[in-house]
Amino acid sequence: MRFLLTGGAGYIGSHTCVSLLNAGHDIVVIDNLSNSSPVAIERVEEITGKKIAFYVGDCCDEDFLNEVLDNEQVDAAVHFAGLKAVGESVSIPLRYYKNNIDSTIALCNALAAHNVKRIVFSSSATVYGNSEIVPMREDLPLGVCTNPYGWTKWMNEQILRDLHVSDPEWSVVLLRYFNPVGAHESGKIGEDPSGIPNNLMPFICQTAAGIRKELSIFGNDYDTPDGTCVRDYIHVMDLADGHLKALEYATVHQGVETFNLGTGEGYSVYQMVAAFERANHLTLPHRDAPRRPGDIAQSYADPAKANRILGWKATHTLDDMCRDAWNWQSHNPTGYPKEDA
Ligand code: NAD
Ligand code: UD1
């Protein structure tokens, strides 16, 4: 089959390109490169030995999307494109709402105009808000989000549910990612945060690389086994395979289905530091620091629904995640080469 990936040059998108190509599918990628490098696409082609139809452009531009879909026949789309920095979304909310919502509406219009009514959407565990119930199951009532980024995921889910109500031919799969980390085992593609990273693993990697003096551990007095926050870290290649399964599902089912993509295991920040040191035989300078506003004590998935219905299960271990993250970071200390871009 042939799939459209918006935001396919980004972190999760590029790894999903590898999974889909290796499974024998064709792909078309659209990305405006606002948070990614075209080198990621070249590297995916190197890893897989396959060519990608790659279009640089904006998913909010419906005319552009229509032109691409006039040229390229696809069976379904995965909508990764979006802005994702939580803190930035608080400073520039309108840009987040515009980009993340307009792109979904423009994409659905263009897909429908080409009679493609299958979409897999990149949602997030952030839609559970500050729920204290763990493990989180898909039927938990949606939470109150604490930032505009989270609300864009929440709203996009609702938009796609409403779309299906209006036209039951649509097949919509909402994937709620937990905490993606790691990189393809080749070390050729990985997470390349611009500026100051937002998430734990890039901070750990940059500290190990000497780019940062030490890792601050935000809060050691939470109601968790060792006092630090617990999260469900998932290897990005497991996440990528989840998209393959979701697309296969979307091509044979109509309706709206929501799936958690997580391992179901929660690890604390202290455990992450210890695992990174163990897997990579190094010492990570770190210190305890005050809590980060907005953090919840524990978040981990109940992935049973994805296991049962998609036949998907995360297989990589925490050590795999730490080893592959460091393999990418140590081979690409400053991310993708800018001169090739
Ligand atoms: P990313 O920033 O690496 O990838 C997103 C890609 O979308 C980038 O390549 C960017 O250039 C592109 N993009 C953004 N707006 C666009 C637009 N209007 N038109 C075309 N391209 C556009 O992020 P990621 O980590 O790969 O995340 C992919 C998706 O998954 C995002 O929607 C994100 O919100 C969601 N998500 C990510 C995480 C995470 O921790 N990484 C967790 C939950 C959900
Ligand atoms: C963040 C986002 C969330 C998003 C999720 C996955 C915030 C407030 N929330 O959550 O919306 O869905 O990523 O992309 O940004 N930590 C440290 N030191 C650091 C960095 C992080 O101790 O330098 C801790 C954090 O306090 C947290 C844990 O590590 O307890 C994981 O942090 P992070 O990777 O940012 O993920 P989330 O908190 O799950």
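Everything below is about the structure printed above this text.
Now for a quick tour of the structure. (Residues numbered from 1 in each chain as written. Chains lettered and ligands numbered in written order. Predicted model: local features only at pLDDT ≥ 70, side-chain atom pairs only at ≥ 80, totals over all residues. Heavy atoms only, no water.)

### Some thoughts on the sheet that holds strand E12 (residues 267-268)
As summarised here, the arrangement of the three strands in space is E12-E9-E14, forming an open sheet in which the pairing is mixed. Of all strands in the sheet, those bounded by a partner on one side alone are E12 and strand E14 (298-299). For strand E9 (residues 230-231) and E14, the ladder comprises two bridges, and the chain directions are parallel. Residue pairing in the sheet places Arg231 in a bridge with Ser299 of E14. (Pairing = 2+ DSSP bridges. Helix = DSSP H or I, 4+ residues; strand = E, 2+ residues; numbered from the N terminus.)

### Quick notes on the pairing of strand E11 (residues 255-261)
Both faces of the sheet carry side chains from a regular strand, because those side chains alternate between them. In terms of burial, E11 is a largely internal element, five of the seven residues being buried. Examined bridge by bridge, strand E6 (residues 171-177) and E11 share seven bridges and lie parallel to one another. Paired with Val173 across the two strands is Glu257, which belongs to E11. (Buried < 20%, exposed > 50% of the residue type's maximum accessible area, 1.4 Å probe, protein only.)

### Section: the packing of helix H5 (residues 93-113) against helix H6 (residues 148-166)
Between H5 and H6, the shortest axis-to-axis distance is 9 Å and the interhelical angle comes to 20°. As far as their axial angle goes, H6 and H5 are roughly parallel. Here H5 and H6 pass one another in a crossing that is right-handed. Where H5 approaches H6, its residues Pro93, Tyr96, Tyr97, Asn100, Ile101, Thr104 and Cys108 are matched on the opposing element by Pro148, Tyr149, Trp151, Thr152, Met155, Asn156, Ile159, Leu160 and Leu163. Of the residues assigned to the contact of H5 with H6, the class counts are twelve nonpolar, four polar and no charged. (Axes fitted to C-alpha atoms, helices over the stretch in contact; angles between N-to-C directions. Parallel < 35°, antiparallel > 145°, perpendicular 65-115°, else oblique. Left-handed = near helix turned anticlockwise from the far one by under 90°. Contact = heavy atoms within 4.5 Å. Nonpolar A, V, L, I, M, F, W, Y, C, P; charged D, E, K, R; others polar.)

### Notes on unusual backbone geometry
Each neighbour pair has its own omega, and for Val134 with Pro135 the value is -5°, a cis peptide bond. Mapped onto the elements, Pro135 comes out in the loop between strand E5 (118-124) and H6. One non-glycine residue, Leu33, lies in positive phi territory at about 60°. Note on placement: Leu33 falls in the loop between strand E2 (26-31) and helix H2 (38-48). One non-glycine residue with positive phi stands out, namely His281, at about 50°. For His281, the position within the fold is in the loop between helix H9 (269-280) and strand E13 (286-289).

### Remarks on the site of ligand 2
For ligand 2, the set of nearby residues contains 18 residues, the closest of which are Asn179, Leu200, Ser216, Arg231 and Asp295. Within the contact set of ligand 2, an oxygen atom lies 3.4 Å away from a backbone nitrogen or oxygen of Asn198. In the model, an oxygen atom of ligand 2 is placed 2.9 Å from a nitrogen or oxygen of the Phe218 main chain. Summarising the interface, the protein chains cover 88% of the accessible area of ligand 2, which totals 740 Å² for the free molecule. Put simply, the parts of the chain that give the shell around ligand 2 at least two residues each are helix H7 (200-208) and strand E8 (215-218). Top element by residues in the shell around ligand 2 is E8. It accounts for four residues. (Near = heavy atom within 4 Å. Polar contact = N/O pair within 3.5 Å; in protein donor to acceptor, adjacent residues only side chain to side chain. Areas by Shrake-Rupley, 256 points an atom, 1.4 Å probe, with all protein chains shown as cover.)

### Re helix H1 (residues 11-22)
Given a rise of 1.5 Å per residue, twelve residues ought to cover 16 Å, and the 17 Å separating the end C-alpha atoms of H1 matches this to within 8%. Where burial is concerned, most of H1 is hidden: eleven out of the twelve residues are buried. Burial in H1 covers these residues: Tyr11, Ile12, Gly13, Ser14, His15, Thr16, Cys17, Val18, Ser19, Leu20 and Leu21. Buried positions along H1 lie against strand E1 (2-6), E2, H2, E6, strand E7 (179-181) and helix H8 (236-250). Trailing H1 by a residue or two, Gly24 shows a phi angle of about 95°, which is positive. (Expected span 1.5 Å × (residues − 1).)

### Observations concerning the pattern of salt bridges
A complete count under the given rule lists 19 salt bridges for this structure. Close ionic contact of Asp102 with Lys98 constitutes a salt bridge, the shortest N to O distance being 3.1 Å. Of this pair, Asp102 and Lys98 both sit in helix H5, four residues apart, which is roughly one turn of the helix. Of the charged contacts in the structure, one is a salt bridge between Arg161 and Glu157, with a shortest N-O distance of 2.6 Å. You can see Arg161 and its partner Glu157 sitting in helix H6, four residues apart, about one turn around the helix. (Salt bridge = Lys/Arg side-chain N within 4 Å of Asp/Glu carboxyl O.)

### Some remarks on the site of ligand 1
Taken together, 27 residues form the shell around ligand 1, and within it Ile12, Asp31, Asn35, Ser36 and Tyr149 come nearest. Note that an oxygen atom of ligand 1 is positioned 2.8 Å from one of the backbone N or O atoms of Ile12. Of all elements in the fold, only H1, E5 and H6 reach the threshold of two or more residues within the shell around ligand 1. If one sorts the elements of the shell around ligand 1 by residue count, E5 sits on top with three residues. Considering only residue class, the shell around ligand 1 consists of eleven nonpolar, twelve polar and four charged.

### Side note on the environment of Asn280
Within the secondary structure, Asn280 is located in helix H9. Note on Asn280: relative accessible area 12%, which makes it buried. The spacing of Asn280 and Gly255 is 25 residues in sequence and 44 Å in space, taken between C-alpha atoms. Beyond its immediate sequence surroundings of up to four residues, Asn280 is in contact with Cys322, Arg323 and Trp326. Of the polar contacts made by the side chain of Asn280, one reaches the backbone oxygen of Cys322; its length is 3.2 Å.

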